[in-house]
Amino acid sequence: MIQEIGEHVFCNEYVVCEPAAGDYMLHYRDRGCLTRVTGAGGADAWTAGDVFELPRLRDFGDKAPDQLVYAFAIGEQRFWIALCDEVCAPEGFAYEAISWLRYAEPAELLFAAVTGSQLDRWYRDNRFCPRCGHATELGPRSREVVCPECAKITYPKICPGIICGVVDCEGETERIALTRYNGRTTALWALVAGFTEIGEPLEDTVRREVMEEIGLKVKNPRFYKSQPWSFSDTLLVGFWAEVDGDPTIRVDHEELKEARWFTRDEMTLERADDRVSLTGEMIEQFRLRGREVLVVSPGASAVLATEQ
Ligand SMILES: [Zn+2]
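Residues numbered from 1 in each chain as written. Predicted model: local features only at pLDDT ≥ 70, side-chain atom pairs only at ≥ 80, totals over all residues. Heavy atoms only, no water.

A. Fine view of the overall build of the chain. When you go through the chain residue by residue, the secondary structure sums to 6 helices and 18 strands. In terms of C-alpha radius of gyration, the chain reaches 22 Å, essentially the compact-globule figure of 19 Å for 308 residues. Projected onto its principal axes, the C-alpha coordinates of the chain cover approximately 70 × 50 × 40 Å. Residues classed as buried in the chain amount to 45% of the 308 residues present. (Helix = DSSP H or I, 4+ residues; strand = E, 2+ residues; numbered from the N terminus. Rg over C-alpha atoms; globule rule 2.2 N^0.38 Å. Buried < 20%, exposed > 50% of the residue type's maximum accessible area, 1.4 Å probe, protein only.)

Put into structure tokens, the structure is as follows:
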């Protein structure tokens, strides 16, 4: 998954420090991130492994970007975001779409670029106080935006949502409900997913979304893993759940193009190389392990995650 960056440790604590020449500088414009592509993979973006670099402060020479805010560190490497609208792009660097970067390497820079894009969006969206409209200031000692007029403090926005692998494993049966969205360019088979509503525990989001999208009652929701999904300011929480009673799928055509049950043999390999998304991992887990996915307790899934 996108947050799995090998040996590297993501350090999210806000640190009060000064930018150094070797620190990475993230700059975003028009949904793109300032990058330099150093190696192109094959024609297939899913498996390609395009390679990219991010600029460091020293790459800007004497034209250092301003309005820098500390973002995070990965291992010893610090990352800053330049909140100014324009920077003087160093030689060879250009803006690449964040959605394209989803398939690029190395994994730790991909995670930094994507996570930084969420922070950048949040800082830019909160230049004015959401309560009184006054210009805000950056908190000097933590990741917050402060209104000097009414003292409102705004924290980064994270929207929780669920992904649910709905399975039918009664008796000899072993199948999973897959869905396809309307109007998406990448119409891959997916799992039921949706945002948590105000006043709703995650387990109820699971029950409501499964009922809304495919008309099934579910029981025994089990937590699998979670995943930050900065493309949409989301924290995704993955659950397995078993169909409860009538397994007849009724598709919500407002949202979905189609939905149906798949046995393990019927499942395609289109997700086998998806190394970034929780949805892809869960679909592949069911294809490989079938009903075994239900046996895994939360503790055991952590062990599995380490083994993979
Ligand atoms: Zn205010």
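B. Quick look at the pattern of salt bridges. Applying the stated rule across the entire model yields 22 salt bridges. For the salt bridge of Glu86 with Arg29, the shortest nitrogen-to-oxygen distance reads 2.9 Å. Highlighted residues: Glu86 in the loop between β7 (77-82) and β8 (94-97) and Arg29 in strand β3 (residues 28-29), separated in sequence by 57 residues. On the basis of relative accessible area, Glu86 is assigned to the exposed category, the value being 53%. (Salt bridge = Lys/Arg side-chain N within 4 Å of Asp/Glu carboxyl O.)

C. Up close: the sheet that holds strand β6 (residues 68-74). Ordered in space as β1-β6-β7-β2, the 4 strands form an open sheet in which the pairing is mixed. Because the sheet does not close on itself, it has two edges, and the strands there are β1 (10-11) and β2 (24-26). Here β1 runs beside β6; their pairing, made up of 2 bridges, is antiparallel. Each residue of the ladder has a partner; that of Cys11, found in β6, is Ala73. (Pairing = 2+ DSSP bridges.)

D. Region of interest: unusual backbone geometry. A cis geometry characterises the amide bond from Glu105 onward to Pro106, with omega recorded as 5°. Note on placement: Pro106 falls in the loop between β9 (104-105) and α2 (107-125). Within the chain, Ala151 stands out as a residue other than glycine whose phi angle is a positive 70°. Note that Ala151 resides in the loop between β11 (145-146) and β12 (153-154). Of note, the phi angle at Asp233 is positive, near 55°, even though the residue is not glycine. Positionally, Asp233 belongs in the loop between β16 (218-229) and β17 (234-243). Of the residues examined, Asp233 reaches a relative accessible area of 12% and is grouped as buried.

E. Fine view of the nonpolar core. Counting residues in hydrophobic clusters, the biggest one holds 69 residues, and the most contacted among them are Leu54, Phe79, Val166, Ile176, Val210, Ile214 and Trp240. Looking at this core element by element, the count peaks at 9 residues for α2. When residues are assigned to domains, this core turns out to be shared by domain 1 (10-125) and domain 2 (159-307), each giving three or more. Beyond its immediate chain neighbours, meaning those up to four positions away, Trp240 contacts Gly165, Val167, Ile176, Asn220, Pro221, Arg222, Tyr224, Met282, Gln285, Phe286, Val293 and Leu294. Core analysis: the second largest hydrophobic core is formed by 12 residues, Phe60, Tyr70, Cys84 and Phe93 among them. (Core = buried A, V, L, I, M, F, W, Y, C linked by side-chain atoms within 4.5 Å. Domains from an automatic or database assignment. Contact = heavy atoms within 4.5 Å.)

F. How the structure looks around the side chain of Thr234. Mapped onto the fold, Thr234 is located in strand β17. Using a relative accessible area of 3% as the deciding quantity, one classes Thr234 as buried. Within the local environment of Thr234, its side chain forms a polar contact with the side chain of Ser232, the two groups lying 2.7 Å apart. Among all residues touching Thr234, those that are not within four sequence positions of it are Ile158, Cys159, Gly161, Phe195, Gln227, Pro228 and Trp229. (Polar contact = N/O pair within 3.5 Å; in protein donor to acceptor, adjacent residues only side chain to side chain.)

G. Structural view of the pairing of strand β14 (residues 175-181). Within β14, 6 of the 7 residues are buried, which leaves the element mostly enclosed by the surrounding structure. Bridge analysis of strand β13 (residues 159-168) against β14 gives 2 bridges, and the strand direction is antiparallel. Residue pairing across strands places Val167 opposite Ile176, the latter belonging to β14. Remark: 6 residues form the turn of the hairpin made by β13 and β14, two consecutive strands paired antiparallel; Gly171 in that turn has positive phi of roughly 55°. As paired strands, β14 and strand β18 (residues 256-263) are joined by 7 bridges and run antiparallel to one another. Bridge assignment links Ile176 to a residue of β18, and that residue is Phe262.

H. Structural context of the domain arrangement of the chain. On domain assignment, one finds that the chain holds domain 1 (10-125) and domain 2 (159-307). Computed from C-alpha coordinates alone, the two centres of domain 1 and domain 2 are separated by 31 Å. Facing 14 residues of domain 1, the contacting portion of domain 2 comprises 12 residues. Across the interface of domain 1 and domain 2, roughly 1,200 Å² is buried in total on both sides, 56% from carbon and sulfur atoms. (Buried area = accessible area lost by both parts, 1.4 Å probe.)

I. Geometry of the coordination of the zinc ion. Within the protein, the atoms that donate to the zinc ion are Cys129 (SG), Cys132 (SG), Cys147 (SG) and Cys150 (SG), at distances of 2.3 to 2.4 Å. Geometry at the zinc ion is tetrahedral, judged from the 4 donor atoms that bind it and their angles of 102 to 118° at the metal. Sequence spacing of the donor residues for the zinc ion, all on one chain, is C-x2-C-x14-C-x2-C. Using a relative accessible area of 1% as the deciding quantity, one classes Cys147 as buried. Residue classification places Cys150 among the partly exposed residues on the basis of a relative accessible area of 27%. (Donors = N, O, S within 2.8 Å, 3.2 Å for Na, K, Ca; no water. Tetrahedral: all angles 85-135°; square planar, octahedral: opposite > 155°, others 65-115°.)

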